[in-house]
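Below are the chains, spelled out letter by letter.
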Amino acid sequence: VQLQASGGGLVQAGGSLRLSCAASGRTFSSYAMGWFRQAPGKEREFVARISWSGGTTYYVNSVKGRLTISRDNAKNTVYLQMNSLKPEDTAVYYCAADSPPYELKYDYWGQGTLVTVSS
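All residue numbers here refer to positions counted from 1 along the written sequence of the relevant chain. In keeping with the model being predicted, local features are shown solely for residues with a pLDDT of at least 70 and side-chain atom pairs are shown and tallied solely at 80 or more, while totals for entire chains, interfaces and linings include all residues. Side-chain descriptors were evaluated using all non-hydrogen atoms of the structure, hydrogens and water having been removed beforehand.

K.L.:
Tell me about the environment of Ala 96, and name the residues and values.
P.N.:
The residue Ala 96 is located in strand β9 (residues 91-98) in this model. A residue is classified by how much of its surface remains accessible, and Ala 96, at 0% relative accessible area, is buried. Separated by 16 residues in the primary sequence, Ala 96 and Gly 112 have C-alpha atoms spaced 9.8 Å apart. Secondary structure elements are taken from DSSP: a helix is a run of H or I of four residues or more, a strand is a run of E of two residues or more, and numbering for both begins at the N terminus. Buried residues are those whose accessible area, probed at 1.4 Å on protein chains only, stays under 20% of the maximum for their type, while exposed residues exceed 50% and partly exposed ones sit between those limits.

The following block contains the structure:
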């Protein structure tokens, strides 16, 4: 599967953005999907994950209540709604696909989209 992330940009603290990740291929609905981010000078970190059905989600503690992951399997797209953004959310955001048996290996990655939050 090929992944294309989009929706990044420059936003003021407290603002919102919605990231999208469009997937090619007919098997998108079989993948669990995740969002990761990498801030300048830091290692890549997990942000959020959603099961293949969309019924289960997980978040890193620092984004709980502010970021929401969702998916539309009919559109082969996963989203990350980002509200109440903080400067520490500044990073390149990547989407990734985890194929069955869902061992958190994330076999496929998108190219990343830059989110910059100004104070």
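K.L.:
Go over the environment of Gln 2, please, and point to the residues and values.
P.N.:
Within the secondary structure, Gln 2 sits in the segment before β1 (3-6). Gln 2 gets classed as exposed once you look at its relative accessible area, which sits at 62%. Residues Gln 2 and Thr 57, 55 residues apart in the sequence, show an inter-C-alpha distance of 22 Å. The contact criterion used is simple: two residues touch if any of their non-hydrogen atoms lie within 4.5 Å. Those residues in contact with Gln 2 that lie beyond four places of it in its chain are Ala 22, Ala 23 and Ser 24.

K.L.:
Go over the nonpolar core, please, and point to the residues and values.
P.N.:
Among the buried residues, those of types Ala, Val, Leu, Ile, Met, Phe, Trp, Tyr and Cys that are joined through side-chain atoms within 4.5 Å form a nonpolar core. Met 33, Trp 35, Leu 80 and Tyr 93 are the most contacted members of the largest nonpolar core, which totals 29 residues. Broken down by secondary-structure element, the contributors of at least two residues to this core are β1, β3 (17-23), β4 (32-38), β5 (45-50), β7 (67-72), β8 (77-82), β9 and β11 (113-118). In this view, Leu 80 contacts Leu 17, Arg 18, Leu 19, Trp 35, Val 47, Ala 48, Leu 67, Thr 68, Ile 69 and Tyr 93; residues no more than four positions away in its chain are not counted.

K.L.:
Could you give an account of the packing of aromatic side chains, with specific residues and numbers?
P.N.:
The pairing test for Phe, Tyr and Trp rings, Trp by its six-membered ring, is centres within 6.5 Å, and the orientation test on the planes gives stacked under 30 degrees, edge-to-face over 60, and tilted for anything in between. Applying the stated criterion across every chain, the model contains five aromatic pairs. Centroid distance Phe 36 to Phe 46: 5.8 Å. Interplanar angle 75°. Geometry classified as edge-to-face. In this pair, Phe 36 sits in strand β4 while Phe 46 sits in strand β5, placing the two residues ten residues apart along the sequence. Between Tyr 106 and Trp 109, the aromatic rings sit 6.2 Å apart at their centres with planes inclined by 55°, giving tilted as the arrangement. Owing to a relative accessible area of 8%, Tyr 106 belongs among the buried residues under this scheme. Here Trp 109 falls in the partly exposed class, since its relative accessible area comes to 30%.

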